[in-house]
Amino acid sequence: MRGRIVVAGLTGLLVSGCAADAEPVAVPPPVPIAVDVAAASSGGACRLLDFALIEQLVKARFDVAAASERGDTHTCVVRAGDAALPELTLSVSETSIDKTTFGADVVPAKATKVTGLGQQAYRRTTAAASGHGPVAEVGWLATDGRLATLTWTGARGTERSAAEKLTAELISLAKKVDTRAL
């Protein structure tokens, strides 16, 4: 008899525990985890760039990269988050031109010659234009039959003297770009 009373009591406890549903507990959504992704993960010419190296040499932090390929031309644009400017663009194209042709047909007027970069190289800046600040550019004929250009487009309000100074950092970055890796 005692056994039946104990079983009945336990059954009553179990049934009464199921009778009322507990209120759901509100759990806050998980905190998003920021993951640093390498520029190279975007493919194309972005495989030749590294965010940390850009930050070290150019003194600007970028964290977004986008690549494009069209024919024999590979391009990469890097930016900081949602900001449209400044941006850094690397363009690499296969070419069969020689140093003479590069100097005559590719080097822009009023560009300054750069030594120690590829077969032949130049640097230049252009004034601010509608929608953006000044532009700093370094172009070179690489030793592997490729034509490469690094272009920095500044934000509105950037002084041209800042772009002029930036060409030295772009030259340092260009010397680290291994166009043979494409």
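The present account deals with the structure reproduced in this document. Treat the numbers as computed from the prediction; the structure is a model and nothing was measured.

Procedures and definitions
Residues numbered from 1 in each chain as written. Predicted model: local features only at pLDDT ≥ 70, side-chain atom pairs only at ≥ 80, totals over all residues. Heavy atoms only, no water. Helix = DSSP H or I, 4+ residues; strand = E, 2+ residues; numbered from the N terminus. Buried < 20%, exposed > 50% of the residue type's maximum accessible area, 1.4 Å probe, protein only. Contact = heavy atoms within 4.5 Å. Areas by Shrake-Rupley, 256 points an atom, 1.4 Å probe, with all protein chains shown as cover. Expected span 1.5 Å × (residues − 1). Bend = angle between axes of the 7 residues up to and from the residue. Polar contact = N/O pair within 3.5 Å; in protein donor to acceptor, adjacent residues only side chain to side chain. Salt bridge = Lys/Arg side-chain N within 4 Å of Asp/Glu carboxyl O.

### Describing the overall build of the chain
Each helix and strand counted, the chain has 4 helices and 7 strands in total. Overall, the chain shows an N-to-C arrangement of helices and strands of α-α-β-β-β-α-β-β-β-β-α. Each of the 182 residues in the chain was classed as buried or not, and the buried ones make up 31%. Counting contacts in the chain only where the partners sit at least 6 residues apart, residues at least 24 apart contribute 50% of the total. Just so you have it, the chain exposes about 11,300 Å², and 55% of that area is on carbon and sulfur atoms.

### A few points about helix 4 (residues 160-176)
For helix 4, built from 17 residues, the straight-helix expectation of 24 Å at 1.5 Å per residue is met to within 8% by its first-to-last C-alpha distance of 25 Å. In helix 4, a bend of some 25° at threonine 167 exceeds every other bend along the element. For helix 4, the full list of buried residues reads Ala163, Leu166, Thr167, Leu170, Ile171, Leu173 and Ala174.

### Thoughts on the environment of arginine 146
Topologically, arginine 146 is positioned in strand 7 (residues 146-153). Sequence-distant contacts of arginine 146, defined by excluding residues within four places in its chain, comprise Val92, Ser93, Glu94, Thr95, Trp140, Leu141, Thr179, Arg180 and Leu182. Looking at arginine 146, its side chain comes within polar contact range of the side chain of aspartate 144, at 3.2 Å.

### As for the side chain of histidine 74
As for its placement among the helices and strands, histidine 74 is situated in strand 2 (residues 73-79). By relative accessible area, histidine 74 is classed as buried at 13%. A distance of 3.5 Å separates the side chain of histidine 74 from the side chain of glutamate 69, its partner in a polar contact. Every residue in contact with histidine 74, bar those within four places of it in the chain, is listed here: Gly44, Ala45, Ser68, Glu69, Leu90, Ser91, Val92 and Leu182.

### Some thoughts on the pattern of salt bridges
By the definition in use, this model includes 7 salt bridges. Measuring nitrogen to oxygen at the nearest pair gives 3.9 Å for the salt bridge that ties glutamate 94 to arginine 146. In this pair, glutamate 94 sits in strand 3 (residues 87-94) while arginine 146 sits in strand 7, placing the two residues 52 residues apart along the sequence. Beyond isolated ion pairs, a larger network of salt bridges with shared partners links Glu94, Asp144 and Arg146.

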